[in-house]
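Results of the structural survey
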Amino acid sequence: MLEEIAAEQGLSRGNRYRKAALLRLALAVRAAEGTRLMPEVFLRDLPACRNTIRVVLQRAGLLASEPEPLRLLPASRRPPRTVAGRVPRCRSPRSCADCQAWMSSGQYGSRCTPCQHWREKLTRGTCARCHRQELPLRKGRCRSCRPYRLLDDAQPATTRYTQLLIDVAVGGPGPPPPIPVDEPSYADLPPAPAHTAAGQEQLFAIRRDWTRLLPRLQGRNTAELVLTGAAARLVEDFSRVLHERQSPSHNSNIRTLSILLYWCGAQAAISERDIHDLARTGPDLKAKTVCQFLRDRGILLQDPDLHRDVDLRWIDTTLAALPENLADEVGQWVKVLRSRGRHEGEVRGYDAIRPYLVSIQPVLTAWVEADVLSLREITRNHVDAAVNGHSGRARRQLALALRSLFRTLKRERVVFRDPARHLRVGNPTGIPKPVPSDLLASALQQTKSPLGRLVLVLAAVHAVPVHELRTILTCDLDLARGTLVIRRGLRRHTLYLEELTHQIAADWLDYRHRRWPASTNPHLLVSQRSALDPDHPAVGKTLLRVDVPPGLTLVRLRQDRILNEAAETADPLRLMRLFGITEKTAMHYVCTAHPERTAKLPR
């Protein structure tokens, strides 16, 4: 019964869940009273949605209605207090002091409700049209003269009259709509071409030019587009899906799909490239959500170029800008890092290869300008000249990239010698520094959001890296056993949650279920954008750093936790078991915490 009423009223899935919980509460009260019919008076105790619950119970025949219909006021609103035997005083009809609208009896004050709102938000002055003084103005006009702005622009000689208004509580909120004037008619809609039938293949794949169609549709409502029956049903289904997802760009997505189906039809598959080209022609058009909807309906022709890795696309563009011989040598280095060389090795992702190529790209460009056509011509002097202009982290990153480049090419027998073998890169991780105790003590109190508290406690208590926080799945969290599994490739590292982390994780799951009840994203950490996305993306790194208090970073919190444990135990094996780090990293923290035990004695 509740589903029928929800379908009639167009309620969202989250609203349905809320009303279903209140309905179960009402049925529990009926069962506790031991009666078949629930008295209508008991509905006043519900916190919300009383009228909807009353309709559901009436249709189901489970409500004992009162002889006279009850007025179910909200729980926070008190009924008006009146003196017994006295009738509340009602003021007589009068005109508003600002807009001169005629107000009905019963309203208090010398101004109508819209004018009271205007006086709170706008500054006062003299109206440019009626020349009345001390009135709240918007762009030089008072509230009663603002609806005539279009008429005055079209006919400057119009008499400066103001029509009498009656303030009646009907219609929507906001200022009165402007008085329409005769506007020039738009050009007729361009006739849509013959739509491709289902199963018909395209003879010539020509990229559409949407810039010629969009100017003729400017200012038109999508309801004016004549769609076929199948296209209209697709638009209705899409509108219902956006309503359930609570999409903020509902109108933009509907407009994009309507224009697309008007021009291409709904029988044959639509190219994904056409949707993205259409979305680029205007700021009020969207492509991603439309592509996801058509893909789920099986009428999207996907373009592989649009789904290429962003880092791979950047690497290909960078290599294409280099000379052919130099690009082949650097490309061979990229293949080896992807474990496609003569020897099998660790496969690195394109997101890890791109920082290396970013650091050496200016060096390669400088060598090309110096007429260097191959890396075989590079000597030790070239490498020293490239590194000497940098310091700190930039120098370490550049030295690591050059050493990796020439060491790999020498092993692959592309170059004869390694000119970067002598470079010293130092310790890339640096020396961990502890976080001040006052910042660490107040960090959790300063973070208010459930997501920020969970991120902070996982980094500061369990030393989980930032890139692993994004990949944690909801199924990896077991509150019953108090464990959280971190996936690291083929390995698994289990965290045993203490009371604080267990409570914060439970609060986050409760908040997520109430905020996005229809979310199917398998990741534990989600945002407003990723929770209802059908592609189930991971949350961005920037969002994880938003709630971190000033003066702190997630990396520093993780380092401080490991350093504190190393200072207490001085046992690298314990660090490896507790945080899942390697033996080299564990020894690095032990040496930092206890330099007197690990210092080398002089010979």
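Small disclaimer: the values here were computed from a predicted structure and weren't measured.

Some details on the overall build of the chain
- Secondary structure summary: the chain contains 23 helices and twelve strands in total.
- Put simply, of all contacts in the chain between residues at least 6 apart along the chain, 59% involve residues at least 24 apart.
- Accessible surface, the chain as shown: approximately 36900 Å² in total, 52% of it carbon and sulfur.

Structural notes on the side chain of Gln292
- Mapped onto the elements, Gln292 comes out in helix α9 (residues 288-296).
- Once you skip the residues sitting within four places of it in the chain, Gln292 turns out to touch Arg245, Asp533, Pro534 and Asp535.

Focus on empty space enclosed by the protein
- Under the counting rule described, the total for this entry stands at five cavities of 30 Å³ or more.
- Roughly 60 Å³ of volume is contained in the largest cavity.
- Lining the largest cavity are Arg13, Gly14, Glu244, Gln246, Arg515, Trp516, Pro517, Ala518 and Leu532.
- The residue inventory of the lining of the largest cavity, partitioned by class, reads four nonpolar, two polar and three charged.

Focus: the confidence of the model for the chain
- Confidence in the prediction of the chain, expressed as mean pLDDT, is 81, and 85% of residues score 70 or more.
- The weakest mean pLDDT in the chain belongs to strand β7 (residues 166-167) at 72; the strongest belongs to strand β10 (residues 477-478) at 94.
- Overall, residues 181-187 carries pLDDT values under 50, and its contacts beyond four positions in sequence, including any with other chains, amount to seven contacts.

Looking at the sheet that holds strand β3 (residues 94-95)
- Spatial ordering of the open sheet is given by β3-β4-β7, a layout of three strands whose pairing is mixed. Every interior strand has two partners, whereas the edge strands, β3 and β7, have only one.
- When β3 meets strand β4 (residues 102-103), the two strands line up antiparallel, connected through two bridges. In the sheet register, Arg94 faces β4, and the bridge partner there is Met103.

What about the packing of helix α20 (residues 554-569) against helix α22 (residues 583-593)?
- At their nearest, the axes of α20 and α22 sit 9 Å apart, and the two run at 65° to each other. It follows from the interaxial angle that α20 and α22 lie roughly perpendicular. For the element pair α20 and α22, the recorded crossing hand is right-handed. Here Gln559, Ile562, Leu563, Ala566 and Ala567 of α20 come into contact with α22, specifically with Tyr589, Val590, Thr592 and Ala593.
- Here the residues of the contact of α20 with α22 are counted per class, giving seven nonpolar, two polar and no charged.

Describing the sheet that holds strand β11 (residues 483-488)
- Pairing within the open sheet is antiparallel, and its three strands lie in the order β10-β11-β12. Where the open sheet ends on each side, the last strands, each with one partner, are β10 and β12 (491-496).
- In this structure, β11 lies alongside β12, joined through six bridges in antiparallel fashion. If you follow Arg488 over to β12, its bridge partner there is Arg491.

A closer look at the state of the cysteines
- One pass over the structure, following the stated rule, counts zero disulfides.
- Cys115 provides the cysteine sulfur closest to Cys112, a residue in no disulfide bond, and the two sulfurs are 3.5 Å apart.
- Counting only cysteine sulfurs, Cys127 is the nearest neighbor of Cys130, a cysteine outside any disulfide, at a range of 3.6 Å.
- Owing to a relative accessible area of 24%, Cys130 belongs among the partly exposed residues under this scheme.

As for the pairing of β11
- As paired strands, β10 and β11 are joined by two bridges and run antiparallel to one another. Across the sheet, the residue bridging to Asp478 is Thr483, located in β11.
- The turn joining β10 and β11, which pair antiparallel and follow one another in sequence, is formed by four residues; a positive phi near 70° is taken by Gly482.
- Hairpin geometry of β11 and β12 is characterised by an intervening segment of two residues between the two adjacent antiparallel strands and by a positive phi of about 70° at Gly489.

Re the packing of aromatic side chains
- Within this structure, the stated rule accounts for five aromatic pairs.
- Taken together, a centroid distance of 4.8 Å and an interplanar angle of 40° make the contact between Phe238 and Phe293 tilted. Of this pair, Phe238 sits in helix α6 (residues 229-245) while Phe293 sits in helix α9; the two residues are 55 residues apart in sequence, bridging distant segments of the chain. Across this residue pair, the class does not change: Phe238 and Phe293 are buried.
- The interplanar angle of 55° and the centroid separation of 6.5 Å between the aromatic rings of Trp367 and Phe406 together place this pair among those described as tilted. Here Trp367 is found in helix α12 (residues 350-369), whereas its partner Phe406 is found in helix α14 (residues 392-411), with 39 residues between them in sequence. Considered together, Trp367 and Phe406 belong to a single accessibility category, that of buried residues.
- Pairwise contacts between aromatic rings join Trp508, Tyr511 and Trp516 into one cluster.

Observations regarding the nonpolar core
- Formed by 35 residues in total, the largest nonpolar core has its most connected members in Trp333, Ile360, Trp367, Leu375, Leu402 and Phe406.
- Once residues within four sequence positions are removed from consideration, Ile360 is found in contact with Trp333, Leu398, Ala401, Leu402 and Leu405.
- Grouped together as the second largest cluster of nonpolar side chains are 34 residues, Ala459, Val464, Leu525 and Leu557 included.

Here's the deal with unusual backbone geometry
- Unlike most non-glycine residues, Lys139 shows phi in positive territory, near 55°.
- Its location among the elements puts Lys139 in the loop between β6 (135-136) and α5 (149-154).
- When its relative accessible area of 76% is taken as the criterion, Lys139 is described as exposed.
- Despite not being glycine, His536 shows a phi value in the positive range, around 55°.
- Relative to the assigned elements, His536 resides in the loop between α18 (499-515) and α19 (541-546).
- The class of His536 is partly exposed, set by a relative accessible area of 27%.

Regarding the side chain of Arg141
- Mapped onto the secondary structure, Arg141 falls in the loop between β6 and α5.
- Setting aside anything within four residues of it in sequence, one finds Arg141 in contact with Trp118, Cys127, Arg129, Pro136, Arg146, Tyr148, Arg149 and Asp152.

Calculation notes
Residues numbered from 1 in each chain as written. Predicted model: local features only at pLDDT ≥ 70, side-chain atom pairs only at ≥ 80, totals over all residues. Heavy atoms only, no water. Helix = DSSP H or I, 4+ residues; strand = E, 2+ residues; numbered from the N terminus. Contact = heavy atoms within 4.5 Å. Areas by Shrake-Rupley, 256 points an atom, 1.4 Å probe, with all protein chains shown as cover. 1 Å grid on protein atoms, 1.4 Å probe; cavity = no way out; pocket = protein on both sides within 12 Å on 5 of 7 lines; lining within 4 Å. Points joined across faces, edges and corners; volume = space filled by probe spheres on them. Nonpolar A, V, L, I, M, F, W, Y, C, P; charged D, E, K, R; others polar. pLDDT = per-residue confidence, 0-100. Pairing = 2+ DSSP bridges. Axes fitted to C-alpha atoms, helices over the stretch in contact; angles between N-to-C directions. Parallel < 35°, antiparallel > 145°, perpendicular 65-115°, else oblique. Left-handed = near helix turned anticlockwise from the far one by under 90°. Disulfide = S-S within 2.5 Å. Buried < 20%, exposed > 50% of the residue type's maximum accessible area, 1.4 Å probe, protein only. Phe/Tyr/Trp six-rings, centres within 6.5 Å; stacked < 30°, edge-to-face > 60°. Core = buried A, V, L, I, M, F, W, Y, C linked by side-chain atoms within 4.5 Å.

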